[in-house]
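Overview (structure and organization)
Next come the chains, spelled out residue by residue.
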Amino acid sequence: MRGDKRMGWFLALACVTLAWALGGCSPGGGGSTESAAGPATASGFQVDPSFVSEGVAERAEANYAAQCASCHGAAGDGRGPVGGALSPAPTNFTAAPIPAHRAYEAIRGGGMAVGMAATMPAFESAFSAEEIHDLVAYVRAFAAR
Ligand code: HEC
């Protein structure tokens, strides 16, 4: 049965290709996601620096405009209308990308959670973990613009 044999090879090849594309053919899902995961925050939240969820730009932009731009500025330069009066000044996000796990903790628990100014509010009751994650991606992107 030549045809069956060729089919077998085709399936093996398809599996290898899928394994490469999806990151694992092994039973139980494989461990490929572990190496891609970022550091855990103090609260135990596993940050994936490359994480971008569906609709991230729109949702994070709206949340940033409503809750963050007054201090950090619409352009992320730390020069919002309220921020100008603060000392220390709100972080300028355009200078260099803040490590994702650190940004997550700062937004979740406020400035004091990362040893920064207490004038940076905590947003854990205002936003879901996913919304905070999206904001992390959003503020980090200012440095790449
Ligand atoms: C009342 C003003 C204010 C508001 C509102 C505010 N921040 Fe901040 N933010 C600050 C200040 C001040 C700091 C700390 C600056 C320092 O200590 O040098 C800070 C620090 C941070 C940091 C830490 C930066 C670092 O270097 O680790 C992040 C991230 C951050 N803010 C994100 C946000 C986001 C996202 C929002 C909106 C959800 C927000 N902030 C709203 C004032 C504010």
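Figured I'd write up the structure that's included with this text. Worth saying up front: this structure is predicted, and the values here are computed from it rather than measured.

1. Observations concerning the overall build of the protein
From N to C terminus, the protein includes six helices and zero strands. Secondary structure elements of the protein occur, N-terminal to C-terminal, as α-α-α-α-α-α. The buried share among the 145 residues of the protein stands at 22%. If you take every contact in the protein between residues at least 6 apart in sequence, the share linking residues at least 24 apart comes to 47%.

2. Observations regarding the site of the ligand
Close to the ligand lie 26 residues; C68, C71, M116, A117 and M120 are nearest. Among the elements that take part in the shell around the ligand, helix 5 (residues 100-109) stands out by supplying four residues, more than any other. Among the residues making up the shell around the ligand, the classes are represented as 18 nonpolar, seven polar and one charged.

3. Focus on the packing of helix 5 against helix 6 (residues 129-141)
Running from N to C, helix 5 and helix 6 cross one another at 120°; their axes reach a closest spacing of 9 Å. Put simply, helix 5 runs oblique to helix 6. Judged by the twist between their axes, the crossing of helix 5 over helix 6 is right-handed. Contact residues: A100, A103, Y104, I107 and R108 in helix 5; I132, H133, L135, V136, V139 and R140 in helix 6.

4. Notes on the environment of V139
Considering the arrangement of structural elements, one finds V139 in helix 6. On the neighbour-count criterion, V139 (23 C-beta atoms within 10 Å) is buried. Separated by 67 residues in the primary sequence, V139 and H72 have C-alpha atoms spaced 9.7 Å apart. With sequence-adjacent residues up to four places away left out, V139 is seen in contact with G76, F93, I98 and A103.

5. Brief notes about the nonpolar core
Residues A103, Y104, A106, I107, L135, V136 and V139 are the most contacted members of the largest nonpolar core, which totals 16 residues. Taken together, the elements giving at least two residues each to this core come down to helix 5 and helix 6.

6. Quick word on unusual backbone geometry
Between S87 and P88 the backbone carries a cis peptide bond, its omega angle lying at 0°. Topologically, P88 is positioned in the loop between helix 4 (69-72) and helix 5.

7. Quick look at helix 6
Under the 1.5 Å per step criterion, the end-to-end length of helix 6 is 18 Å for 13 residues, consistent within 8% with the ideal 18 Å. Taken as a whole, helix 6 has its buried residues at I132, H133, D134, L135, V136, Y138 and V139.

Thresholds, definitions, all that
Residues numbered from 1 in each chain as written. Predicted model: local features only at pLDDT ≥ 70, side-chain atom pairs only at ≥ 80, totals over all residues. Helix = DSSP H or I, 4+ residues; strand = E, 2+ residues; numbered from the N terminus. Buried ≥ 20, exposed ≤ 12 C-beta atoms within 10 Å, placed from the backbone. Contact = placed C-beta atoms within 7 Å. Near = placed C-beta within 6 Å. Nonpolar A, V, L, I, M, F, W, Y, C, P; charged D, E, K, R; others polar. Axes fitted to C-alpha atoms, helices over the stretch in contact; angles between N-to-C directions. Parallel < 35°, antiparallel > 145°, perpendicular 65-115°, else oblique. Left-handed = near helix turned anticlockwise from the far one by under 90°. Core = buried A, V, L, I, M, F, W, Y, C linked by C-beta atoms within 7 Å. Expected span 1.5 Å × (residues − 1).

By themselves these figures say nothing about function.
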